[in-house]
Amino acid sequence: MRTRGGEKAGRRSNPLAPITYLLRNAGKTIPLTGVIVLAVMLVAGIISMINSIPLSIRTIYSYSKEFTGVTPRGDATKTLPILEEIQAKSPYAIDRVIICRVTVTEIQSIVGKWPFYFIGMNDADTRYYLQRQRVTGIEGRLPRAGLPEAVISRPVAKNLNLKIGSEILGPTKEGGFSPNSVKVVGIAETDRWLMLSSIEYLREYHFPPIDLGMVSAKDPAEQPKLDQWADKHFKGRQAGILGYFQVEKDTNEMFATLYLILNVVIGTLVLVVTLMMSMLINIYQGQRLVEFGLLQAIGYTKKQILTRVLTETVLVVILGWVLGLFAAFGLLNLAKTVMMDPKSYALDVLDPVAYAYSIPMPLAILAVAAGTVWWRFRKFDPIGVVERRIV
Amino acid sequence: MSLLAARGARLRYVDHGKEHFAVDGVSLEVQPNEFLGILGPSGSGKSSLLYLLSGLKVPSSGQIEFDGRPLSQMDDTERSRLRLKEFGFVFQQPYLLGYLSALENVRIAEMDADNSAAAVALLNQLGLGEKLHRLPHELSGGERQRVCVARALMGNPKVIFADEPTASLDHRNGVAVVSLLNQLRGEGSLVMVTHDETMLAEADRVVRLVDGKVSD
Ligand SMILES: Nc1ncnc2c1ncn2[C@@H]1O[C@H](COP(=O)(O)OP(=O)(O)OP(=O)(O)O)[C@@H](O)[C@H]1O
Ligand SMILES: [Mg+2]
């Protein structure tokens, strides 16, 4: 003999409880839930992965959050006057002005190689700079003045697979030329991406022979304002201002079209899944017309039957959605550890935008399901169904 | 006063533009605690009459009264309530919900979640005490029909309607089902339609239906 649940539990539970139907018709509940789980996982996963591209780029260049970069234009002697003007006129208190030299090298991004600045400063400035970049410790030591040595941060070391003693620039190194073999002598612990050497080395061996400036605000929270002010102040003059706001602006512009395409794709996916689900729901409900007719004939109102069916749908959709979110979270974590972290690529496994994108689908499915049930019940004749078996 | 009454009730169908009356001016009364048999050949309008009496269909003209109140004065919700609380049904086919056990199929006749004991008692009386937790597909046709009888009897309805409850059974089982319905209905009235006169041996009164009309 088959028994279901304890005798005690069975006594009080309502046989027509939506959960009873769902549990005992797992053959229907599981595919319905499964489709939602997969669709939600897909949407949240795709959005998170795509979002990781601009996120990675922003992370790579996030060191620029701490300084307003200054370059002279057309006249290499203008660096000092520009920096003096900033100090004199800035409405925001200035903490330090750093003179530096720069050469361009490359790092790996999720979408190929990106240029990255290899910066040279004097020893005191290097120490200040590292502290400002939230460095908590250094493996090895700082580069010595004039020697072919570099200190890099942990994400860069991972990204380029570098250790203490590895060559970072060299005469034959692709994408990172230097006449000498420049070796990594220190790895700084921070989430910022950094490559530093001494200004003396860069002045000696690298083009262009132009000093650049970096200005830090006393209050790090005022740095973006200082960026904006300087950008406005020197507009149209022989000075270029570089700041994190440009990274943000550039990534936004770069990905605008991609996001447009993505929206269309996700929209289509929502449409397809909703159509598929409503077809499934329709078929399953069609198979239950005799049940609905019988219940109505023995005295349940249309409203009660409708409420019950809709509650079942709501439960399935919510269950599918929640499981889908967990599945997406699990999958993204997997992708992060296996694919992203080894190369220091950024991926937000709790990207709110990605999870927000998964909301329209369950809502659309609910709306369509409610609509189809309502349509069926509009002109529902229990007798026609029960006695003549019109299904 | 009668419990249930039809007064000049007619039910019209329009079939390919031609109208005809499945129930054609039937007046009859059902007394409390009475077993009323309605006998008629196939197509005579027995099922149609039962739907009118039970409020499952609305008469095209004439009216149906329960406890002196015309059903036409009740709204859908009230009529549903009446079917749930005061009426019981045994349909021609033993319709059960496939995913519910015999016991649960009986319990759905009431919305009260605490009606298990009553349902078990009824199933015991119908000889299904050992099969309470079986699913419908694990029961024989006769057993399924007995579960339907138990469902109709739940909550001691004032009127039990039975539409050829024996149609899907062999003669011996048919007679047994009718007999059980009759024994277990308590104070309730039983209105049963059939084309088989032998099923109405225990009826207090038999009305004959021909072409939608009561004939004497
Ligand atoms: N929906 C309908 N549309 C048109 N005619 C119908 C409809 N339902 C029933 N009828 C007709 O009404 C008449 C009575 O039908 P009803 O089902 O009440 O007969 P019955 O006495 O129950 O027959 P049976 O013993 O075969 O079940 C029949 O002639 C039938 O064809
Ligand atoms: Mg019939």
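Residues numbered from 1 in each chain as written. Chains lettered and ligands numbered in written order. Predicted model: local features only at pLDDT ≥ 70, side-chain atom pairs only at ≥ 80, totals over all residues. Heavy atoms only, no water.

Participant: Would you mind going over the interface of chain A and chain B in detail, with residue names and values included?
Facilitator: At the interface, 34 residues of chain A touch 35 residues of chain B. When chain A packs against chain B, close to 3,100 Å² is buried across both sides, 56% of that on carbon and sulfur atoms. Linking chain A to chain B there are 1 salt bridge. The partner of Arg24 of chain A in a salt bridge is Glu104 of chain B, with the nearest N and O atoms 2.6 Å apart. Summed over the shared surface of chain A and chain B, the number is 7 residue pairs in polar contact (both at pLDDT 80 or more). Contributions of two or more residues to the side of chain A that touches chain B are made by α1 (7-12), α2 (18-24), α10 (289-297), α11 (302-340) and α14 (382-388) of chain A. A total of 6 residues in the side of chain A that touches chain B trace back to one element, the largest contributor, which is α10 of chain A. Residues of the side of chain A that touches chain B, tallied by class, amount to 12 nonpolar, 9 polar and 13 charged. (Contact = heavy atoms within 4.5 Å. Buried area = accessible area lost by both parts, 1.4 Å probe. Salt bridge = Lys/Arg side-chain N within 4 Å of Asp/Glu carboxyl O. Polar contact = N/O pair within 3.5 Å; in protein donor to acceptor, adjacent residues only side chain to side chain. Helix = DSSP H or I, 4+ residues; strand = E, 2+ residues; numbered from the N terminus. Nonpolar A, V, L, I, M, F, W, Y, C, P; charged D, E, K, R; others polar.)

Participant: Describe the confidence of the model for chain A, listing the residues and the values that go with them.
Facilitator: When pLDDT is averaged across chain A, the result is 91; 95% of the residues are at 70 or more. Residue range residues 1-11 of chain A is modelled with pLDDT below 50. Its contacts to residues more than four positions away, or to other chains, number 16 contacts. (pLDDT = per-residue confidence, 0-100.)

Participant: Residues and numbers for the packing of helix α9 (residues 244-286) of chain A against helix α13 (residues 360-378) of chain A, please.
Facilitator: All names here are of chain A. In contact at an axis separation of 9 Å, α9 and α13 are set at 35° when each is read in the N-to-C sense. Considering the relative orientation of α9 and α13, their crossing is right-handed. Taking contact as the criterion, the partners of Val270, Val273, Thr274, Met277, Ser278, Ile281, Asn282, Gln285 and Gly286 in α9 are, on α13, Met361, Ala364, Ile365, Val368, Ala369, Thr372, Val373 and Arg376. Taken together, the residues of the contact of α9 with α13 break down into 10 nonpolar, 6 polar and 1 charged. (Axes fitted to C-alpha atoms, helices over the stretch in contact; angles between N-to-C directions. Left-handed = near helix turned anticlockwise from the far one by under 90°.)

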